[in-house]
Amino acid sequence: MDAQTELVTWNSVRFKTEEYRRWSFAVRPVVRHNQDLANYANTSLDLSFARSFKGGLKVQYLYRYWWVDDGPYRTFWWFDVSNKHVISPHLTFKHRLRWHIAFNSARYDPNYLRYLPILDYKLSGSISLFAGSELWYELEEVNAVRRHRHILGVSWNITDIMNLNFQYWYERSKSIEPFFLRHTLNTTVNFRI
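Here is a short report on the structure shown in this document. (Residues numbered from 1 in each chain as written. Predicted model: local features only at pLDDT ≥ 70, side-chain atom pairs only at ≥ 80, totals over all residues. Heavy atoms only, no water.)

Details of the sheet that holds strand β9 (residues 144-157)
Quick note on the threshold: Strands were regarded as paired on the criterion that DSSP finds at least two bridges between them. Segments assigned H or I by DSSP are reported as helices when at least four residues long, segments assigned E as strands when at least two residues long, and all are numbered from the N terminus. Here an axis means a line fitted to C-alpha atoms, over the contact stretch when the element is a helix, while the angle between two N-to-C directions is reported on a 0 to 180 degree scale.
With mixed pairing, the 11 strands of this closed barrel are ordered in space as β1-β2-β3-β4-β5-β6-β7-β8-β9-β10-β11. Taken pair by pair, the neighbouring strands of this sheet meet at an average axis angle of 20 degrees, ignoring direction.

In structure tokens:
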């Protein structure tokens, strides 16, 4: 089995509204480069609605539309349930379950259940470090874990309305031909509006 290994970037700006009656809305365009950063890969747009509840529980619907130059356009729907538990003033445990649905007629995109637990450690009032590992369980006829995404990141609250989030993803396939291993640098500037 030949491995496909590459360095990838995801760069985005995200605009999120203040919560109103526990509802919020966000818009996030994302630009990606692949082939060890030498090639523009694609652009996507995320639109999301979220509702928070007491006790750190949140539900979210996220729509992603991809413009792909060298292939068919892609559409995803994600339904998330997440929660967070404050362990100490500096340590928080967060986790999210995502139902990942692909709507693509021109190419096959599998559907997944994805689970992501994260430990977040607050270094100061403005900087946090976090780590997690997401399992991608493919649905339909496969019914098996097919991908792992290990995450290391830092979040920096630059101002009251602006945040910089940088993540490194070590992502690999399992029982997929051809096998892939991706090193992704994901940078997002978040604005609260």
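So much for the structure itself; the text now carries on.
A word on the side chain of T184
So the rule is basically this: Any residue under 20% of the maximum accessible area for its type is buried, any over 50% is exposed, and the rest in between are partly exposed; the area is computed with a 1.4 Å probe on protein chains only. Should any heavy atoms of two residues lie within 4.5 Å, those residues are considered in contact.
Mapped onto the fold, T184 is located in strand β11 (residues 180-192). The exposure class assigned to T184 is buried, which follows from its relative accessible area of 1%. Beyond its immediate chain neighbours, meaning those up to four positions away, T184 contacts V8, W10, Q167, Y168 and W169.

Observations regarding a nonpolar patch on the surface
The condition is simple: Patch membership needs two things, relative accessible area over 30% and no salt bridge, and members are linked within 9 Å if like-charged or within 5 Å if nonpolar (Val, Leu, Ile, Met, Phe, Trp, Tyr). Each accessible area is a Shrake-Rupley estimate made with a 1.4 Å probe; only the visible protein chains count as cover when residues are assessed. We define a salt bridge as a contact between a side-chain nitrogen of Lys or Arg and a carboxyl oxygen of Asp or Glu at a distance within 4 Å.
Judged by side-chain polarity, W77, F79, L97, W99, F103, L113, Y115 and Y137 come together as a nonpolar surface patch covering roughly 710 Å² of accessible area. Only β5 (74-86), β6 (91-102) and β7 (112-122) provide two or more residues apiece to the nonpolar patch. Structurally, the position occupied by F103 is in the loop between β6 and β7.

Examining the pairing of strand β10 (residues 162-173)
Of the two faces of β10, only one is covered, namely that formed by N163, N165, Q167, W169, E171 and S173; the face formed by M162, L164, F166, Y168, Y170 and R172 stays uncovered. Following β9, the chain reverses through four residues before pairing antiparallel with β10.

What about the packing of aromatic side chains?
Aromatic rings considered in pairs are described by the distance between their centres and by the relative angle of their planes. Going by this rule: Each Phe, Tyr or Trp ring (for Trp, its six-membered ring) is paired with any other whose centre lies within 6.5 Å, and the angle between the two planes then decides the class: stacked below 30 degrees, edge-to-face above 60, tilted in between.
Evaluation of the coordinates by the stated rule reveals 14 aromatic pairs. Between the aromatic rings of F79 and W99, the centroid separation amounts to 5.8 Å while the plane-to-plane angle is 40 degrees, which identifies the pairing as tilted. In this pair, F79 is assigned in strand β5 and W99 in strand β6, connecting sequence segments 20 residues apart. Accessibility expressed as a relative area gives 32% for F79, which makes it partly exposed. Classification of W99 as partly exposed rests on a relative accessible area of 42%. Cluster of aromatic residues (ring-pair linked, three or more members): W10, W66, F76, W78 and W169.

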